[in-house]
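# Topology and contacts: notes
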Amino acid sequence: MPTEVILPKVDMDMATGQISRWFAEEGAHVKKGDVLFEIETDKAAMEIDAPASGVLRDVTGKEGVDIAVGAAVAWIYADDESYAPISPLEGEMSTKSREGVASGGTPVPSSPVEPTPPDRPAAGHPPLEGEGKARATPLARRLAREAGLNLSTVSGTGPYGRVVKADIDAALSSLLEGEVSAKRTEGVASGGAAQFSTALAPTPVEATPPDRPVAGHPPLKGEGDVLRLFEQGSYDLVPHDNMRKTIARRLVEAKTTIPHFYLTLDCELDALLALRTQINAAAPVKKTDKGEAPAYKLSVNDMVIKAMAMALKAVPDANASWTESAMVKHKHADVGVAVSIPGGLITPIIRKADEKTLSTISNEMKDLASRARSRKLKPEEYQGGTTAVSNLGMFGIKDFAAVINPPHATILAVGAGEERAVVKNGEIKIATVMSVTLSTDHRAVDGALGAELLVAFKNLLENPMGLLV
């Protein structure tokens, strides 16, 4: 019987994925373990191996389109197994039905009346969610909801008239074209050529466009409502990729479900900067392909990671995650570090950072950041963790508040180190000061506990020899 090749879930937040590249063509012979195709998720490019040996058939997973997790993208037939091509309709059937065709059994009828559609409930089964409404794929249903589009007005081109993503895109495009055409027609009808040329002109400041919300009016719904506020031709539409969609979803989840609480402290860095200079100067030299280079080069961020991990170990109640039934108390301090990559953000994790030396953290962080930017991280390298650090100091940002990344209960936002006037023993001195803001999930880490954690972090930065213990 043929082996079904599915789109696997390689990320805990993954609902859909895109095949960026097939390494084998229809009809090619593949071996179990060979790289079959590459998935582009929101955070990385993952190579997927063939689950069996045989001939690759019925490749339905197209490159560059959204595919639901768990959906079949191809089948692998054993070398001695008979093969009968299937129709798109039969491709919607179960794998068991397909196996009957492949093994010489009675072919599944091709008439749409005989088989039960995938989204039609079988006899004796409870009705599916959304029964009685227009049939649509989950992705199409979500896109229509976000755009404020009534699914019953959309003609489906998928099996059994199911509405697919392409139908939603076509409907939205048609609506926008219709609106532009209507505005032009109104302009010509009411004033000739002069009116036509100004039919799409921006509305004067003193006038309120009819579709712009004012006090007491409902908010904008969907892409169509937003685009109507701008002059046609004054913008370009850049479709969201999977990474941007996931970032948007996670941020909305974080800010609407997690009660954020913020604490800010100033940390003096002069002692830390001096220690960093000494450590880097004492770094041994190693040979590389490009010649000799220091075995490590510490950054302030490397020392911040270590200090945050040690602070969590010193205040173990803050090293936690919230769940509805219990508090998750972590035994290790795994620190995620926000890394900016083209199109978004990813948070690779330094595991057991409290137990690692500064040089180990530094080299590991450089490797993770490099592979993050080329989207070569493995899921286990960016999923999980017990806290996170986000550093915008290199951009000159003085202070900011970061959004918590579930399941973490804390995230530390690090600003720029700068010379400031400080008062010591009644005298004004110049010191290098850095502002840090701790965002906490108030359900797991309340104000007093968060303050204790932040003070522990400050003490480690200002007395950095503790980072070497």
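Right, let's walk through the structure included here. These numbers come from a predicted model, not from an experiment. (Residues numbered from 1 in each chain as written. Predicted model: local features only at pLDDT ≥ 70, side-chain atom pairs only at ≥ 80, totals over all residues. Heavy atoms only, no water.)

Take helix 9 (residues 358-373) next. Taking 1.5 Å of rise per residue, the 16 residues of helix 9 would be expected to cover 22 Å, and the 23 Å separating its terminal C-alpha atoms lies within 8% of that figure. Listing the buried residues of helix 9 in full gives L358, I361, S362, M365, L368, A369 and A372. End-on view of helix 9: buried residues confined to an arc of 140 degrees, all on one side of the axis. Those residues of helix 9 that are buried are in contact with helix 7 (270-281), helix 8 (300-314), strand 14 (335-337), strand 15 (339-341), strand 16 (344-346) and strand 17 (349-350). (Helix = DSSP H or I, 4+ residues; strand = E, 2+ residues; numbered from the N terminus. Expected span 1.5 Å × (residues − 1). Buried < 20%, exposed > 50% of the residue type's maximum accessible area, 1.4 Å probe, protein only. Arc of directions from axis to C-beta. Contact = heavy atoms within 4.5 Å.)

Scanning the model with the defined rule gives 12 salt bridges in all. Between R351 and D334 there is a salt bridge; the shortest N-O distance is 3.8 Å. Here R351 is found in the loop between strand 17 and helix 9, whereas its partner D334 is found in the loop between strand 13 (327-329) and strand 14, with 17 residues between them in sequence. The exposure class assigned to R351 is partly exposed, which follows from its relative accessible area of 28%. The partner of K356 in a salt bridge is E364, with the nearest N and O atoms 2.8 Å apart. On the accessibility criterion, E364 (23% relative accessible area) is partly exposed. Linked by salt bridges that have partners in common, D266, E418 and R420 make up one network. (Salt bridge = Lys/Arg side-chain N within 4 Å of Asp/Glu carboxyl O.)

Right, let's talk about the sheet that holds strand 14 for a bit. Strand order in the open sheet formed by 6 strands is 9-20-19-18-14-17, and the pairing between neighbours is mixed. The open sheet has two edge strands with one neighbour each: strand 9 (260-268) and strand 17. As paired elements, strand 14 and strand 17 share 2 bridges and run antiparallel to each other. Each bridged residue has a counterpart across the sheet, and for G336 the counterpart in strand 17 is I349. Packed on one face of the sheet, helix 8 meets strand 14, strand 17, strand 18 (387-391), strand 19 (410-424) and strand 20 (427-441) and runs near 150 degrees to strand 18. (Pairing = 2+ DSSP bridges. Axes fitted to C-alpha atoms, helices over the stretch in contact; angles between N-to-C directions.)

Read across the sheet, 4 strands follow the order 1-8-6-3 without closing on themselves; strand pairing throughout is antiparallel. Taken across any chain shown, the strands that pair with only one partner, and hence form the sheet edges, are strand 1 (3-6) and strand 3 (29-30). Pairing analysis gives 3 bridges linking strand 6 (residues 54-57) to strand 8 (residues 72-77), with the strands arranged antiparallel. From the neighbouring strand, L56 faces strand 8, where its bridge partner is I76.

Bridge analysis of strand 10 (residues 285-288) against strand 11 (residues 291-294) gives 4 bridges, and the strand direction is antiparallel. If you follow K287 over to strand 11, its bridge partner there is E292. As consecutive antiparallel partners, strand 10 and strand 11 are separated by 2 residues.

Turning our eyes to something else, we now look at the packing of aromatic side chains. Tallied over the entire structure, the rule returns 2 aromatic pairs. Considering the side-chain rings of W22 and F37, the 4.9 Å spacing of their centres and the 50 degrees angle between planes classify their relative orientation as tilted. Here W22 is found in strand 2 (residues 16-22), whereas its partner F37 is found in strand 4 (residues 35-40), with 15 residues between them in sequence. In this pair, the class of W22 matches that of F37, namely buried. Considering the side-chain rings of F230 and Y235, the 6.4 Å spacing of their centres and the 70 degrees angle between planes classify their relative orientation as edge-to-face. Judged by relative accessible area, Y235 falls into the partly exposed class, the value being 23%. (Phe/Tyr/Trp six-rings, centres within 6.5 Å; stacked < 30°, edge-to-face > 60°.)

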